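Overview (structure and organization)
Letter by letter, the chains look like this.
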Amino acid sequence: MTETRLRFPPSPTGYLHIGGARTALYNWLFAKQNGGRLILRIEDTDSERSSQESIQGILDSLEWLGIDFDEGPYFQSDFTQEHAAAAETLLAKGFAYKCFCTKDELDSKREAALAAKKPLGYDRSCRNLSAAEIAEKETAGIPYVVRFKVPERTGVIGYDDKILGRIESDYREIDDFVIVRSNGKPLYLLCNVVDDIRDRITHIIRGQDHMTNSIKQLLLYEALQAPLPVFAHMPLTLDTKKAKISKRSHGEIVSVQFYRDHGFIPWALNNFLVLLGWSDGDDKEIFTKEELIERFSLERINKSSSIFNYRKNDPKFFTDPKAISINEHYLRTMEIEELGKMVKTELENEGLWNDSYENEKKKWYLNTLDLIRGRFHTLKDFTSLGRAYFDNNFVIEEKPLKKNILKHEGLREWLPVIANRYEQLDHYNLTETERIAREYADELGIKPGIIINGMRTVVTGQLAGPSMFDILIAVGRDRVVSRLRNTAELYAGRSN
Ligand code: GLU
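Note that the coordinates shown come from a computational prediction; the quantities given were computed from them, not determined experimentally.

1. Some thoughts on the overall build of the protein chain
When its secondary structure is counted, the protein chain shows 20 helices and 12 strands. The C-alpha atoms of the protein chain give 32 Å as radius of gyration, which overshoots the globular expectation for 496 residues (23 Å, by more than 25%). Principal axes of the C-alpha set define a box for the protein chain whose edges measure 110 × 50 × 40 Å. Taken over 496 residues, the protein chain has a buried fraction of 49%. The contacts in the protein chain between residues at least 6 apart in sequence include a share of 75% that link residues at least 24 apart. Here the protein chain contributes 69 positively and 75 negatively charged side chains, and the mean placements of these two sets differ by 4 Å.

Written out as structure tokens, the structure is:
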């Protein structure tokens, strides 16, 4: 049986973006599902636009996503001789020809065709040059490109696209396309096929923007006498204005690195990406890796484009609300030990990591993460919204400051009293901390909420969060006492 072989061939001309990552993911899922092999090929023959930095960025992004490869990375630029040899073979066997038309000639032919409302393709005038004519032009040093000789057949050429169904094109509508530039460099269209043949690729899953290439490439496969792969052209990812998502027009906000840097969980991003163009046939949106490998199918990929609702100017979230909600799901439900490792990286980046969190304070660390994750959206929230649990230097947000502190002048004296009482407790625990807060509110004849909300603000800087007494235990007596004692500082220079 033929081995199932797929490839992901990015051009290293920028970072890996959402659309590219989705292509990689679909290929990866299909390979895994079918016991196949996935090959990574860096299509770096465009030396002017390719860069080492992009290559590294793409490799890092794929690794971060957990999309692993069975072979590669191979570099297209290592096979330039093979590409040139294939062009020679096509020329030698009469499947291609040298075209000496200059750019000016081609332009004026094009204009004439436009005026006469005739097809705009190349008029094939060099297609039947005699050997003597060719030799004469070559001797005269006239530059030439190599064009593929599209067979003069009537009828159609086509393939069964796994997503779109039968795709066909009339032979007469296919231009004699260029396969080698006048500088002797074979074009992408040819290199890509030569590489796919050498790598024995059986399935090509790529974007619909490659469909016109695919028709031409069918002809190349035929001429090079290679078996045809299965094609599956995926819907494009568009923004909300229906423009294609691209690195050039959307900037880094559509890059995988951006998601990593904004606290996404890798699998959550994969889970979001898979839904950009595929569904399981019902409303199910959360899939484990194993489930997806089992359930994914090319047939259920949408035929039409998907909308990626990224939000450049939204002050709250930077991306598609669905992406955020999937990230939240994983963040709030994943194995706490696993989350612990991810948050460790965040804390390290902020200089807040302490090795005791993996040793004597491990239980405290994991319990605290579990306590606070219920309202968090991304991993970044642990060091921003949740900073007070790991550091004394945290921000007291404006809203709770006004509402819960400045409005109640009395708190500047009341909270230090609570601090004293907590300090003297024999048992600093949930029941005792709560008892003290409520008894003191009674003594003062005020609502316990005033004390409790005040404490929440002073201890965490936040308006909302877990139960106040759970917070007091998690933050710990010493820190709680000193923060409550410093309440008066919050009024400095402020009025309600
Ligand atoms: N290098 C091409 C790209 O990044 C690959 C296209 C293909 O899958 O054949 O668009």
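2. Focus: the side chain of E346
Within the fold, E346 resides in helix α13 (residues 336-349). Classification of E346 as buried rests on a relative accessible area of 7%. Looking at E346, its side chain comes within polar contact range of the side chain of K380, at 2.7 Å. Contacts of E346, omitting those with residues within four sequence positions, involve L379, K380 and T383.

3. Let's talk about the state of the cysteines
In this structure the tally under the stated criterion is zero disulfides. C99 carries a free sulfur, and the closest cysteine sulfur to it, the one in C101, is 3.9 Å from it. Residue classification places C99 among the buried residues on the basis of a relative accessible area of 2%. The structure places no disulfide on C126, whose sulfur is separated from the nearest cysteine sulfur, that of C101, by 3.7 Å.

4. A few points about the layout of surface pockets
Reported here for the largest pocket is a volume of approximately 1400 Å³. Of all the elements in the fold, those that place two or more residues in the lining of the largest pocket are β1 (5-8), α1 (18-33), α3 (80-92), α6 (188-198), β9 (203-207) and α8 (247-250). Take the lining of the largest pocket: its biggest share by element is four residues, from α1. Class assignment for the residues of the lining of the largest pocket results in 15 nonpolar, 19 polar and 14 charged.

5. Observations regarding the nonpolar core
Residues L269, Y365, F390, Y422, I451, M455 and L484 are the most contacted members of the largest nonpolar core, which totals 106 residues. Element by element, the count of residues in this core is highest for α1, at nine residues. Dropping the residues within four chain positions of it, L484 is found in contact with L415, P416, I418, A419, Y422, M455, V458 and V459. The next biggest cluster of nonpolar side chains, apart from the first, holds 32 residues, and it includes I179, V180, L219 and A226.

6. A few points about the pattern of salt bridges
Taken as a whole and judged by the stated rule, the model has 43 salt bridges. One salt bridge connects R198 with E82, and the closest N-O pair in it is separated by 3.0 Å. Placement of the pair is R198 in helix α6 and E82 in helix α3, with a sequence separation of 116 residues. In this structure E82 comes out as partly exposed when scored by relative accessible area, which is 33%. Between R295 and D280 there is a salt bridge; the shortest N-O distance is 2.9 Å. With a gap of 15 residues between them, R295 in helix α11 (residues 289-295) and D280 in the loop between α10 (266-275) and α11 connect regions that are remote in the sequence. For R295, a relative accessible area of 34% corresponds to the partly exposed category.

7. Describing the pairing of strand β7 (residues 165-170)
In the sheet, strand β6 (residues 156-161) pairs with β7 via six bridges, with the strands oriented antiparallel. Paired with D160 across the bridge in β7 is R166. Hairpin connection, β6 to β7: the antiparallel pair is bridged by three residues.

8. So, the packing of helix α16 (residues 411-424) against helix α20 (residues 477-485)
Here α16 crosses α20 at 155°, and the two axes come no closer than 7 Å. Taken together, the axes of α16 and α20 are roughly antiparallel relative to one another. Crossing geometry of α16 relative to α20 is assigned as left-handed. Where α16 abuts α20, its residues L415, P416, I418, A419, N420, Y422, E423 and Q424 lie against R477, V480, V481, L484 and R485. Among the residues forming the contact of α16 with α20, the class breakdown is eight nonpolar, two polar and three charged.

9. Thoughts on the environment of K289
With respect to the secondary-structure elements, K289 resides in helix α11. Taking relative accessible area as the criterion, K289 reaches 36% and is therefore assigned partly exposed. Sequence-wise, K289 and I197 are 92 residues apart; in three dimensions their C-alpha atoms are separated by 30 Å. Dropping the residues within four chain positions of it, K289 is found in contact with W28 and W267.

10. Comments concerning the packing of aromatic side chains
Inspection of every chain in the model, using the stated rule, returns 18 aromatic pairs. Judged by centre distance (5.7 Å) and plane angle (40°), the rings of W278 and F296 are tilted. Taken as a pair, W278 in the loop between α10 and α11 and F296 in the loop between α11 and β12 (306-307) lie far apart in primary sequence, 18 residues in all. In this structure an aromatic cluster arises from ring pairing among W353, Y357, W364, Y365 and F390. Taking NZ or CZ as reference, K361 lies 4.4 Å from the ring centre of W364, over its face. Over the ring of Y491 we find R412; its NZ or CZ atom is 4.3 Å from the centre of that ring.

11. Comments concerning the site of the ligand
Near the ligand, the surroundings consist of R7, P9, P10, S11, E43, Y188, N192, R206 and H210. A distance of 3.1 Å is found between an oxygen atom of the ligand and a side-chain nitrogen or oxygen belonging to Y188. Within the side chain of N192, an N or O atom sits 3.2 Å from an oxygen atom of the ligand. Considering the ligand on its own, with 300 Å² of exposed area, one finds that the protein chains cover 80% of that surface.

12. Considerations on unusual backbone geometry
Put simply, G72 and P73 share a cis peptide bond, and its omega is 5°. Along the polypeptide, P73 turns up in strand β3 (residues 71-75). The backbone of R124 shows a phi angle near 65°, a positive value even though the residue is not glycine. Among the structural elements, R124 can be located in the loop between α4 (103-115) and α5 (131-139).

The rules behind the values
- Residues numbered from 1 in each chain as written.
- Predicted model: local features only at pLDDT ≥ 70, side-chain atom pairs only at ≥ 80, totals over all residues.
- Heavy atoms only, no water.
- Helix = DSSP H or I, 4+ residues; strand = E, 2+ residues; numbered from the N terminus.
- Rg over C-alpha atoms; globule rule 2.2 N^0.38 Å.
- Buried < 20%, exposed > 50% of the residue type's maximum accessible area, 1.4 Å probe, protein only.
- Contact = heavy atoms within 4.5 Å.
- Lys, Arg positive; Asp, Glu negative; His and termini not counted.
- Charge placed at Lys NZ, Arg CZ, Asp CG, Glu CD.
- Polar contact = N/O pair within 3.5 Å; in protein donor to acceptor, adjacent residues only side chain to side chain.
- Disulfide = S-S within 2.5 Å.
- 1 Å grid on protein atoms, 1.4 Å probe; cavity = no way out; pocket = protein on both sides within 12 Å on 5 of 7 lines; lining within 4 Å.
- Points joined across faces, edges and corners; volume = space filled by probe spheres on them.
- Nonpolar A, V, L, I, M, F, W, Y, C, P; charged D, E, K, R; others polar.
- Core = buried A, V, L, I, M, F, W, Y, C linked by side-chain atoms within 4.5 Å.
- Salt bridge = Lys/Arg side-chain N within 4 Å of Asp/Glu carboxyl O.
- Pairing = 2+ DSSP bridges.
- Axes fitted to C-alpha atoms, helices over the stretch in contact; angles between N-to-C directions.
- Parallel < 35°, antiparallel > 145°, perpendicular 65-115°, else oblique.
- Left-handed = near helix turned anticlockwise from the far one by under 90°.
- Phe/Tyr/Trp six-rings, centres within 6.5 Å; stacked < 30°, edge-to-face > 60°.
- Lys NZ or Arg CZ within 6 Å of the ring centre and 35° of its normal.
- Near = heavy atom within 4 Å.
- Areas by Shrake-Rupley, 256 points an atom, 1.4 Å probe, with all protein chains shown as cover.

Coordinates in, geometry out; function isn't part of it.
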